[in-house]
Amino acid sequence: MQLSPLQSRLAASLLASCLLLVLYFTLFSPHFAVALDLGEPSPVVYDDIDFSPNLAARSGLDPSYEPEFVAFDRSILGRAPAGVTALTNNEATSMNVLPGTTQVFVFTASSPPPQEVSGAPVEPRDGHNSSGARRSPTGGLDGRDVFSEGEESQPLTKRQTSRTVFISANTCEQPQVVDPSKTKADPPQLTLYVSTTTSNQSPGPLADDADQIQVKFKEGAVMYNLTVSGEVYLGLHAPNMSSEFDGGYNFRVAASTDVYFFTFNETADADLIWVDSDSQGALLITHNLTESRDPELEQKIMSTQPYVMFAQNKDDRSVNGLKYSYCGLQNRAQIAATKGGQLTSMVTTGMTKRGPGNLPKQQFFFTGLNASANYMGILAVEGNSSVSGNGQAGGGGHVFRATSFSTKSDHGNCRIVLNLEFCDQVAYSVPSNPNFGNSTQLAKFYDDYAADMYQNFNRSLQQVPCEAPSTQRYSLARNCTDCAVAYKDWLCSVTIPRCEDFDNPADYLQPRAMAQTFPNGDPLDDAIRKQVPLADTWAFNSSRNARIDEILKPGPYKEVLPCDDLCYNIVQSCPAKLQFSCPLPGGVGFAHSYGRRTPSGDGAGITCNYPGSAHVFSAAPRAGVSFLLAAGLAVALGPLLLL
Ligand SMILES: *[C@@H]1O[C@H](CO)[C@@H](O)[C@H](O)[C@H]1NC(C)=O
Ligand SMILES: *[C@@H]1O[C@H](CO)[C@@H](O)[C@H](O)[C@H]1NC(C)=O
Ligand SMILES: *[C@@H]1O[C@H](CO)[C@@H](O)[C@H](O)[C@H]1NC(C)=O
Ligand SMILES: *[C@@H]1O[C@H](CO)[C@@H](O)[C@H](O)[C@H]1NC(C)=O
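No experiment lies behind these values; they were computed from the predicted model shown.

Let's talk about helix H9 (residues 439–461)
And step 1. With 23 residues, H9 should cover 33 Å at 1.5 Å per step; its first-to-last C-alpha distance of 32 Å lies within 8% of that length.
And step 2. Among all positions of H9, only Leu442, Ala443, Phe445, Tyr446, Asp447, Tyr449, Ala450, Met453, Tyr454, Phe457, Ser460 and Leu461 are buried.
And step 3. Next to the buried residues of H9 lie strand S26 (414–417), strand S27 (428–431), helix H10 (480–495), helix H13 (546–552) and strand S31 (580–581).

What to know about the confidence of the model for the protein
And step 1. Considering every residue of the protein, the mean pLDDT works out to 77; 71% of them sit at 70 or more.
And step 2. Across residues 18–78, confidence stays below pLDDT 50; counting only partners more than four residues off in sequence or on other chains, it has 66 contacts.
And step 3. This stretch, residues 113–159, has a pLDDT under 50; its non-local contacts, to residues over four places away or in other chains, come to 96 contacts.

Examining the nonpolar core
And step 1. Residues Phe457 and Trp490 are the most contacted members of the largest nonpolar core, which totals 47 residues.
And step 2. Within the residue set of this core, elements represented by two or more residues are S26, S27, H9, H10, H13 and helix H14 (564–573).
And step 3. By residue number, the principal contributor to this core is H9, which donates ten residues.
And step 4. Counting 27 residues, the second largest nonpolar core, distinct from the first, contains Phe105, Phe107, Ile167 and Leu226.

Focus on the packing of aromatic side chains
And step 1. Within the structure shown, the criterion is met by 19 aromatic pairs.
And step 2. Measuring from ring centre to ring centre gives 6.5 Å for Phe366 and Phe405, while their planes differ by 40°; the resulting arrangement is tilted. Of this pair, Phe366 sits in strand S22 (residues 361–366) while Phe405 sits in strand S25 (residues 403–406), and the two are 39 residues apart along the sequence. For the pair Phe366 and Phe405, one class covers both residues: buried.
And step 3. Ring centres of Tyr487 and Trp490 lie 5.4 Å apart, and the angle between their planes is 45°; on these two criteria the pair is classed as tilted. Remark: Trp490 and Tyr487 occur in helix H10; sequence separation between them is three residues, near one turn of the helix.
And step 4. Residue class for Tyr487 comes out buried when judged on its relative accessible area of 0%.
And step 5. One aromatic cluster is present, formed by Phe422, Tyr454, Phe457, Tyr487, Trp490 and Phe580 through successive ring pairs.
And step 6. A cation over a ring is seen here: Lys488 above Phe422, with NZ or CZ 4.7 Å from the ring centre.
And step 7. In this structure, Arg597 packs its charged tip against the face of Tyr610, placed 3.9 Å from the ring centre.

Regarding the state of the cysteines
And step 1. Under the defined criterion, the tally for this structure stands at six disulfides.
And step 2. Disulfide pairing places Cys423 opposite Cys492 at an S-S distance of 2.0 Å. One quick way to see it: the torsion about the S-S bond of Cys423 and Cys492 is about -80°, and its sign makes the bridge left-handed. Here Cys423, found in the loop between S26 and S27, pairs with Cys492, found in helix H10; they are 69 residues apart in sequence, far enough to count as distant. Summarising the burial analysis for this pair, Cys423 and Cys492 share the class buried.
And step 3. Note that Cys563 is cross-linked by a disulfide to Cys608, the S-S spacing being 1.9 Å.

Comments concerning unusual backbone geometry
And step 1. The phi dihedral of Asn90 is positive, around 60°, even though this residue is not glycine.
And step 2. Assignment of secondary structure puts Asn90 in the loop between strand S3 (84–86) and strand S4 (93–97).
And step 3. With phi around 50°, Lys553 is a residue other than glycine that occupies positive phi space.
And step 4. For Lys553, the location among the structural elements is in the loop between H13 and strand S30 (557–560).
And step 5. Among the residues examined, Lys553 registers a relative accessible area of 47% and is labelled partly exposed.

Digging into the sheet that holds strand S13 (residues 249–256)
And step 1. Reading across the sheet, the four strands line up as S4-S13-S6-S10 and stay open at both edges, with antiparallel pairing between neighbours. The open sheet has two free edges, formed respectively by S4 and strand S10 (221–228), since each of these has just one partner strand. Here the strands of the sheet are splayed against their neighbours by 25° on average, with no regard to which way each runs.
And step 2. In terms of strand pairing, S4 meets S13 through five bridges, oriented antiparallel. Each bridged residue has a counterpart across the sheet, and for Ser94 the counterpart in S13 is Arg252.

Cut-offs applied
- Residues numbered from 1 in each chain as written.
- Chains lettered and ligands numbered in written order.
- Predicted model: local features only at pLDDT ≥ 70, side-chain atom pairs only at ≥ 80, totals over all residues.
- Heavy atoms only, no water.
- Helix = DSSP H or I, 4+ residues; strand = E, 2+ residues; numbered from the N terminus.
- Expected span 1.5 Å × (residues − 1).
- Buried < 20%, exposed > 50% of the residue type's maximum accessible area, 1.4 Å probe, protein only.
- Contact = heavy atoms within 4.5 Å.
- pLDDT = per-residue confidence, 0-100.
- Core = buried A, V, L, I, M, F, W, Y, C linked by side-chain atoms within 4.5 Å.
- Phe/Tyr/Trp six-rings, centres within 6.5 Å; stacked < 30°, edge-to-face > 60°.
- Lys NZ or Arg CZ within 6 Å of the ring centre and 35° of its normal.
- Disulfide = S-S within 2.5 Å.
- Pairing = 2+ DSSP bridges.
- Axes fitted to C-alpha atoms, helices over the stretch in contact; angles between N-to-C directions.

Right, dumping it as structure tokens:
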């Protein structure tokens, strides 16, 4: 569009006027508008410049006073006073603190870009009020300039460049117990003190509680947010402690106007699921990393390994007091998936789609654990999973709630197998014998057998008109693919029994191979044998599948029976011509062949085995379908009771 000379002149003068206006408002911030809103003269805040009497007096006398202007970042304008460390947005600062001392930090909330708060300001946590947080009638924690509330302060709140500041810290090192045999106590936690008033620039135990808030660390971590318009002063205080402990603390602290730099979550469901363990190892998986079926996204996720994991023998207290601290876990956890960026030999991790839904998840396989020991597993993310480190919002890492797991006894006759080629959903402990070979060979032993059995079934299925037009098919609801899937799920569960310790007293477990000796040659104790009803029957003295007894000779173990619905699903999904049938509950063979799903709580045992079954599984159990089991595995065309 062409402008006439008159129009261009108009445009130019309009532009000049606008520039003038901008200049005016920048140089002479409209104090008059604020003044109108204020009845009280005391803590008057004009944008970012606090002209409270306090500050006015200090500006002449106190050498630590520094002018602060909205347009300039503090880092340009000046340095923090001696002994006070200035924090930069989203940068962690590492520091030592000795018992009985405090390290002080300052963070300027109005770092660029200043922004008006919208909506209600963030309130301090209730819990902290009880632990010492109080509002001073005139000081920085006054409702007006920090936690603005109530009608009269509304217009002022809008005018201020208030921001939410997220303060977070992790304890990386803590004092050590001098003599673990003499004390059961853990070292005390650090305390964070926060002040927003210039009259308390050194928050800590010596300052007036009216001018500060104190938040105790929890398991080596703290998260606290507040809305402020000026500076935030932080004190990180290490308590005095008895001579039971030796050494000081090292911590990392960060302030951010975006999100917490270090985070933990102690209330969410544990994100780590314990699948199974054997006498020296354990398998754990994460939840589904996506619910999306978009192949590109799945592909992308499968190429990452977003989580790290730490494990700790519960008898080892080295990590007590640091369980929510990423760096604390890195320094002190007994077993870490990575140490100093290197994968450790005790942990293998990778992605898998195994389990219900076949969605991507990360798995962790631990070896080198002690038998019959209790562990906790802690899942963590370095950074926020896509970025980590200084300068990145949320770059300090996230720690999830711990998951408990335990290892099996040292009979050594249950062993985890995973990554099977045919039975790709199998990843659990199976009857084994340490003399048989390594777990790769053991997996192949079971998998090859299942694959062979499946060939027989496949030949039978081929004689059924699967590809026929729908009027001639055996069912409109199910097709041969459904039948094949149902059969494979069932077959893998019955040919590859899920193994538990013989010592496990749970009543849903089926004792097996009681007539054999344990791998070390010990027979089953006669007294124990006598306690088992029906101990002399076939179901108790042999395994489900004769090859296990002939080749592996695992010795006495207990089986987690396959879920009855696996059998039922075959009967429903496969052509009647194949004549599958399942034993009825209470009928021949049912009790020793199939288990039933029960709702599982936190850490509950697995009452029956199904593809992808694991401990601590929140998926809703299936409603009461019934039955069954399989002894005869060869599939022929003829009635087949799946025992
Ligand atoms: C700030 O802290 C409060 C109280 O703990 C919490 O409810 C709120 O979710 C926090 N705000 C953010 C944005 O995290
Ligand atoms: C993954 O998603 C599937 C399908 O939504 C669900 O059935 C399954 O329980 C989920 N698995 C985990 C470990 O959360
Ligand atoms: C195994 O037990 C020994 C002796 O109690 C202990 O020192 C060691 O830390 C334990 N190892 C693991 C991985 O739990
Ligand atoms: C298991 O044993 C086989 C044969 O001895 C060997 O080739 C394979 O590398 C072993 N696998 C592992 C994981 O040790």
